[in-house]
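As a plain string of letters, each chain reads:
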Amino acid sequence: MGSYSSNYRRLVSYTKILASHVNHGRHLDALSLFHYLHASSAAALDAFVFPLALKSCAAAHRPLLGAAIHALVTKLSFVSNPFVACALVDMYGKCVSVSSARQLFDEISKRNVVVWNAMISTYTHAGRVADALGLSEVMDVEPNASTFNAIISGFSGLEDGSFKALSFYRRMGEAGLKQNLITLLALLRACVDLAALNLIKEIHGYAIRNGIDPHPHLMSCLVEAYGRCGCIVNAQCVFESISTSERDVVAWSSLISAYALHGDAATALETFKQMEMEKVQPDGITFLGVLKACSHAGLADEALGYLGRMCIDYGVEATSDHYSCVVDVLSRAGRLNEAYEVINGMPVRATAKTWGALLGACRTYGEVELAEIAGRALFELEPDNPANYVLLARIYASVGRHEEAQRMRREMNERGVKSAPGSSWVVYQV
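So, a few notes on the structure that sits alongside this text.

Each value, and the rule that gives it
- Residues numbered from 1 in each chain as written.
- Predicted model: local features only at pLDDT ≥ 70, side-chain atom pairs only at ≥ 80, totals over all residues.
- Heavy atoms only, no water.
- Helix = DSSP H or I, 4+ residues; strand = E, 2+ residues; numbered from the N terminus.
- Buried < 20%, exposed > 50% of the residue type's maximum accessible area, 1.4 Å probe, protein only.
- Contact = heavy atoms within 4.5 Å.
- Areas by Shrake-Rupley, 256 points an atom, 1.4 Å probe, with all protein chains shown as cover.
- Expected span 1.5 Å × (residues − 1).
- Axes fitted to C-alpha atoms, helices over the stretch in contact; angles between N-to-C directions.
- Parallel < 35°, antiparallel > 145°, perpendicular 65-115°, else oblique.
- Left-handed = near helix turned anticlockwise from the far one by under 90°.
- Nonpolar A, V, L, I, M, F, W, Y, C, P; charged D, E, K, R; others polar.
- Phe/Tyr/Trp six-rings, centres within 6.5 Å; stacked < 30°, edge-to-face > 60°.
- Salt bridge = Lys/Arg side-chain N within 4 Å of Asp/Glu carboxyl O.
- Arc of directions from axis to C-beta.

## Description of the overall build of the protein
- Looking only at helices and strands, the protein has 24 helices and zero strands in total.
- For the protein, the residues scored as buried account for 46% of the 430 residues in total.
- A sequence separation of at least 24 residues applies to 59% of the contacts in the protein between residues at least 6 apart.
- Carbon and sulfur atoms provide 53% of the accessible area of the protein, an area that totals close to 22100 Å².

Okay, here's the thing in structure tokens:
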């Protein structure tokens, strides 16, 4: 009896260490500890250990180890445990395939809401929101807040899913379920896409009334949401309400991006300086906001300086978006050859956005040679985009090269590229 008690206490202690590894993202350490526990004969593993190990398998992308653990929990008759079953579905969905996760889900005889939610989340993470919605409608248990959160998050991630996310949010309230932090974070994405400022304020008020307001992740998202919807004053107020110790890189980056979006480059760059003084390490999103601020204000030399500091001082790898901002600000300043040199020196392939910035500036400054280079690059990247053909044709026409302009239009017709009519949209609030 004493030996069993001692072994059990040892297993509980190791389980706590394992949970700490998993919760702090030390997944290889977690899997190493799990291997030690499995190899040790000191204590039999229980159902609390396996979900942790499976979570690390999913995070570290270890499908073979996950399958081996699946075999082990089957042998130990733990598959019926809802938390083990949930972790298995999640692991197969992330490491193997959604169909494998669904096959396992269908084989589980006793499925509570946790297991159903695991499969629904697997669908939404894979972008198969219709399948997730269909599965939620055939649940043989009562859905909970996590069920609705998964669907709302899935719709919010779709290009045309924002209205559906809001509709499902209303259904959640009608079902008598209380929205939580996850609900609000998912819903804010849809609000930003729709520029639904009133709903953002509604979410903010709900968070305050229900004690969710102090959460730093939500506050950072509110800063971004207010900023992107044009309410820069609210964005600044929310940021200032965050305690100095909790102003992480997300909060700072959100405020910088808000100022940059509204053309207040001076305040955006000043905010970045304050961030550096607070010893908060900037990331790629931070510098993207800084470079956009430089682009809006025409600060070409400053943009080049920040790009250099980003790579040299902070070790942040520049992406095509960062280079696009630099090319844009150089092009706007008429420094087209420098912009072209930046494109040629990019360690990543230039995107249509990058070439588009150069092509647009070529029209402004009448630079035909570079316009032809940019145009041809765009024809390869976006063969069906009529704007590129039309713009290059207009550049030819502006310098009197009407035959080349006509050739561009003929090339459009030969490729079957047609200009779409202009359109606009309005959101009606009833």
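Moving on from the coordinates now.
## As for helix H4 (residues 63-75)
- End to end, H4 covers 18 Å across 13 residues, agreeing with the expected 18 Å (1.5 Å per residue, within 8%).
- Considering only its buried residues, H4 is in contact with helix H2 (27-39), helix H3 (49-60), helix H5 (82-95) and helix H6 (98-107).
- One or two residues past the end of H4 sits Ser77, with phi positive at roughly 65°.

## Observations concerning the packing of helix H13 (residues 216-228) against helix H14 (residues 232-241)
- With their axes 7 Å apart at the nearest point, H13 and H14 run at an angle of 165° to one another. On the basis of their axis angle, the class for H13 and H14 is roughly antiparallel. Considering the relative orientation of H13 and H14, their crossing is left-handed. Only Ile232, Asn234, Ala235, Val238, Phe239 and Ser241 of H14 make contact with H13, whose side of the interface consists of Met219, Leu222, Val223, Tyr226 and Gly227.
- Counted by class, the contact of H13 with H14 contains eight nonpolar, three polar and no charged residues.

## Description of the environment of Gly284
- Here Gly284 shows up in helix H17 (residues 284-297).
- Spatially, the C-alpha atoms of Gly284 and Ala67 are 36 Å apart, while their sequence positions differ by 217 residues.
- With residues up to four places along the chain from it excluded, the contact list for Gly284 reads Val316 and His322.

## Considerations on the side chain of Asn149
- Among the secondary structure elements, Asn149 is positioned in helix H9 (residues 145-156).
- For Asn149, the residues in contact, after removing those within four places along its chain, are Met172, Asn180, Ile182 and Thr183.

## Notes on the packing of helix H7 (residues 113-125) against H9
- The contact between H7 and H9 brings their axes to 9 Å, and the two run at 5°. With respect to H9, the axis of H7 lies roughly parallel. For the pair H7 and H9, the contacting residues are Val113, Asn117, Ile120, Ser121 and Thr124 in the first and Ser146, Thr147, Ala150, Ile151 and Gly154 in the second.
- For the contact of H7 with H9, the per-class residue count stands at four nonpolar, six polar and no charged.

## Things to note about unusual backbone geometry
- Located in the positive-phi region is His61, a residue other than glycine, with phi close to 55°.
- Inspection of the secondary structure puts His61 in the loop between H3 and H4.
- The residue Lys279 is not glycine, and still its phi comes out positive at about 65°.
- Looking at the element boundaries, Lys279 is found in the loop between helix H16 (265-277) and H17.

## Thoughts on the packing of aromatic side chains
- Evaluation of the coordinates by the stated rule reveals twelve aromatic pairs.
- Between Phe34 and Phe50, the ring centres sit 6.0 Å apart and the planes meet at 70°, which makes this aromatic pair edge-to-face. Of this pair, Phe34 sits in helix H2 while Phe50 sits in helix H3; the two residues are 16 residues apart in sequence, bridging distant segments of the chain. There is no split in this pair, since Phe34 and Phe50 are both buried.
- Here a set of aromatic residues connected by ring pairs shows up, and it is made of Phe272, Phe287, Tyr306 and Tyr314.

## Some remarks on the pattern of salt bridges
- Counting across every chain of the model gives 13 salt bridges.
- In this structure, a network of salt bridges that share partners links the residues Glu276, Arg309 and Asp313.

## Observations concerning H2
- Counted at 1.5 Å a residue, the expected span for H2 with its 13 residues is 18 Å, and the 18 Å between its end C-alpha atoms agrees.
- Looking at H2, one finds that the buried residues are His27, Ala30, Leu31, Leu33, Phe34 and Leu37. For H2, the angular spread of the buried residues around the axis is 160°, confining them to a single face. Turned more than 90 degrees away from the buried face of H2 sit Leu28, His35 and Ala39, all of them exposed.

## Observations regarding the environment of Ile69
- Topologically, Ile69 is positioned in helix H4.
- The spacing of Ile69 and Gly161 is 92 residues in sequence and 37 Å in space, taken between C-alpha atoms.
- The contacts of Ile69, once residues within four sequence positions are left out, are Phe34, Phe50, Ala53, Leu54 and Cys57.

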